[in-house]
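# Secondary and tertiary structure notes
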Amino acid sequence: IPSGRLTVVRGWESSGKSSLITHLLAETVRRGGIAVLLDAEFTFDADRAARMGLSRDDLLLAQPETAEEAIRLIEKSIKVIREESPDALATIVWDSVGGTPTKSEVEGEFGDSKAIGSHAKLMSQAMRRITGQISKENIALVIVNQNKEMIETGPFAGSAETSTMIAKRPLQFHASTIIDMRKAQELRVTASDRDSPAYGIMSRAKITKNKCSNPFGKAEIRVRFDT
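In this text the structure is predicted, and so the values were computed from the model without any measurement.

## Observations concerning the nonpolar core
- One finds Leu-6, Trp-94, Met-123, Ile-143 and Leu-171 to be the most contacted residues of the largest nonpolar core, which totals 30 residues.
- Breaking this core down by element, the ones donating at least two residues are strand 1 (6–11), strand 2 (34–39), helix 3 (67–84), strand 4 (90–95), helix 5 (118–137) and strand 5 (140–146).
- For Ile-143, the residues in contact, after removing those within four places along its chain, are Leu-6, Thr-7, Val-8, Val-9, Trp-94, Val-97, Met-123, Met-127 and Leu-171.
- The next biggest cluster of nonpolar side chains, apart from the first, holds 17 residues, and it includes Ala-26, Ala-35, Leu-54 and Val-93.

Dropping the structure here:
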C-alpha cells in the first residue's frame, strides 16, 4: 500500500475487504503509526478487530453520515495528523464509498432522479483536491468500494464487463493502486463435506492497477472467522 497515494479496495460482499483494511490499520499501529477509520457503514466490530491486533484505543474512529462529511473528515484528519506528528506513518481508510449516501440522497425523496450520479460528481471533485493533499503530506488513503452488477438497458447494451461500482471512473482514474478481491471458496473442517462447519474463507486478491510497481500481482488470503 503506497504512502502519499490513493488505494482502492473493491470486491463483492463477503470477499474479505473489511478484514484486509483492518489488518492494514493494525499494521500501521504496530509500526508506530496513526490509523484513522471512517466507518460509514456503522459496522465496525471492536472485538473482532482486537483479535486481529487492532485495539479500539489505538484507532481514531469516525462514523460520517454523508459522503460530504466523510470528505471533510479526511481533509481535517490530514491537517491534524501532520500538525501533531509531521513524520509519522499514517493511514486513513474510508469504508465504504458505496455505503455512504450523498447529501442530496439524504435530503431527497426515494427514487429522486437528482441523486443519480451524485457520487461520481462529488468524488471527481473531491479526489482532485485530496490526492494532492495526501501526496504532499505522505499519507496513505484507502477507499473501500463494492462491486455491483451491471444493469442491462436493452439488447444492444451488452458489455464485456459484468460489474461496476459507485463513482467508478473518478476512483479508477485517481487511484495509484486498485485491489480487486473475490471469495474463492469457503474453508471447512472437512474440505470434501459441504455440510461440514465453515471456519473461514479463501479470498483471492488481484492488483488490477499499480502506478508504483508491477500490476497484476495475485495473492490467496485465508480469512478465519475466529481470529
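## Some points on the environment of Asp-95
- Here Asp-95 lies in strand 4.
- The class for Asp-95 is buried, based on a relative accessible area of 6%.
- Along the primary structure Asp-95 and Phe-42 are separated by 53 residues, whereas in three dimensions their C-alpha atoms are 9.2 Å apart.
- Every residue in contact with Asp-95, bar those within four places of it in the chain, is listed here: Ser-18, Ile-21, Leu-37, Leu-38, Asp-39, Ala-40, Glu-41 and Val-144.
- Only 3.3 Å separates the side chain of Asp-95 from the side chain of Ser-18, close enough to count as a polar contact.

## Concerning the pairing of strand 4
- Extensive coverage of strand 4 is indicated by the burial of six of its six residues.
- Both faces of strand 4 are covered, namely the face carrying Ala-90, Ile-92 and Trp-94 and the face carrying Thr-91, Val-93 and Asp-95.
- Two elements, strand 2 and strand 4, share six bridges in a ladder whose sense is parallel. Considered in strand 4, the bridge of Leu-38 is made with Trp-94.
- Pairing geometry for strand 4 and strand 5, over five bridges, is parallel. Considered in strand 5, the bridge of Thr-91 is made with Ala-140.

Definitions and limits used
- Residues numbered from 1 in each chain as written.
- Predicted model: local features only at pLDDT ≥ 70, side-chain atom pairs only at ≥ 80, totals over all residues.
- Heavy atoms only, no water.
- Core = buried A, V, L, I, M, F, W, Y, C linked by side-chain atoms within 4.5 Å.
- Buried < 20%, exposed > 50% of the residue type's maximum accessible area, 1.4 Å probe, protein only.
- Helix = DSSP H or I, 4+ residues; strand = E, 2+ residues; numbered from the N terminus.
- Contact = heavy atoms within 4.5 Å.
- Polar contact = N/O pair within 3.5 Å; in protein donor to acceptor, adjacent residues only side chain to side chain.
- Pairing = 2+ DSSP bridges.

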